[in-house]
Amino acid sequence: GASVPTETVVIPGASDWTDIDTPLTFGTGTMDATGEGSARTVASFDGDFTLTATVNSETNWNFGCFATSEVGSFNKATGNGGLGSMTVSYFYNGGDDTLFYGSASQGSGGTWSSGDVVTIKRVGTTVTFMNDASVLLAFSQTTSVALTIMFGAGGTTDINDIQWVV
């Protein structure tokens, strides 16, 4: 018979994040922020992946992914990690509730309420952001390069149930 692909579920701990700015702390499947800053995953994602996280509360929460090859441009002191200055980056900017590819606005990303589940996923070469079951955007800019996840905030933020599946 055909082989069935296996998936690995990761509930990240503090050691799964790096370039962490002081206002951010990570626990098992959690991120808390007391001010502006960002962090990125240690892992990079070469193929299909799905990341989910549940909003408890947020102030200008930012999330996204970017080409691992651009990690040298990551700026943990900003809420969006400096993803707007990168060539291959996909992110939600909580300061203005806008989705971006690099520095180019891709339209509204809506707002987040307690209990909402964010999904960042790549299937094939398409990166998609979702709020619960609703697709916010399947980006038209496709990529097959390794990607790194970014979480950040502009103020007090509490994110729970973070996990990724590869």
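Sequence order sets the numbering: in each chain, residues are counted from 1 along the sequence as written. It should be noted that, the model being predicted, local features are given only for residues of pLDDT at least 70 and side-chain atom pairs only at 80 or more, the latter also being counted only at that level, while totals for whole chains, interfaces and linings use all residues. As a convention, hydrogens and water are excluded, and side-chain values are obtained from all of the structure's heavy atoms.

(A) Highlighting the overall build of the protein chain. By the criteria applied, helices consist of DSSP H or I runs no shorter than four residues and strands consist of E runs no shorter than two, each listed in order from the N terminus. Secondary structure summary: the protein chain contains 0 helices and 13 strands in total. Its helices and strands in sequence order give the protein chain the pattern β-β-β-β-β-β-β-β-β-β-β-β-β, from N to C terminus. In this setup the radius of gyration rests on C-alpha atoms only. A globule is expected at 2.2 Å times the number of residues raised to 0.38. Taken over C-alpha atoms, the radius of gyration comes to 15 Å for the protein chain, in line with the 15 Å a tight globule of 166 residues would show. In terms of overall dimensions, the protein chain has a C-alpha envelope of 55 × 35 × 30 Å along the principal axes. Note on contacts: a residue pair is in contact if any heavy atoms of the two residues lie within 4.5 Å. A separation of at least 24 residues holds for 65% of the contacts in the protein chain among residues at least 6 apart in sequence. On the protein chain, roughly 7100 Å² of surface is accessible, and the fraction owed to carbon and sulfur atoms is 48%. Each charge class in the protein chain was averaged separately, 4 positive and 16 negative side chains, and the resulting centres sit 9 Å apart. Under the convention used here, a 1.4 Å probe and the Shrake-Rupley method define accessible areas, while residue burial counts only the protein chains that appear. Note that His is not counted, nor are the chain ends; the positive residues are Lys and Arg, and the negative ones are Asp and Glu. By convention, the charge on Lys lies at NZ, on Arg at CZ, on Asp at CG and on Glu at CD.

(B) Geometry of the confidence of the model for the protein chain. The pLDDT value expresses, per residue, how confident the predictor is, ranging between 0 and 100. Per-residue pLDDT for the protein chain has a mean of 95; in total, 99% of the residues score no lower than 70. Highest mean pLDDT in the protein chain belongs to strand β2 (residues 17-18) (98); lowest belongs to strand β1 (residues 9-10) (95).

(C) Just unusual backbone geometry, in detail. Positive phi, normally seen in glycine, also occurs at asparagine 60, with a value near 55°. Residue position: asparagine 60 is located in the loop between β5 (49-57) and β6 (62-67). A positive phi angle, close to 55°, is found at aspartate 161, a residue other than glycine. Its place among the elements puts aspartate 161 in strand β13 (residues 147-165).

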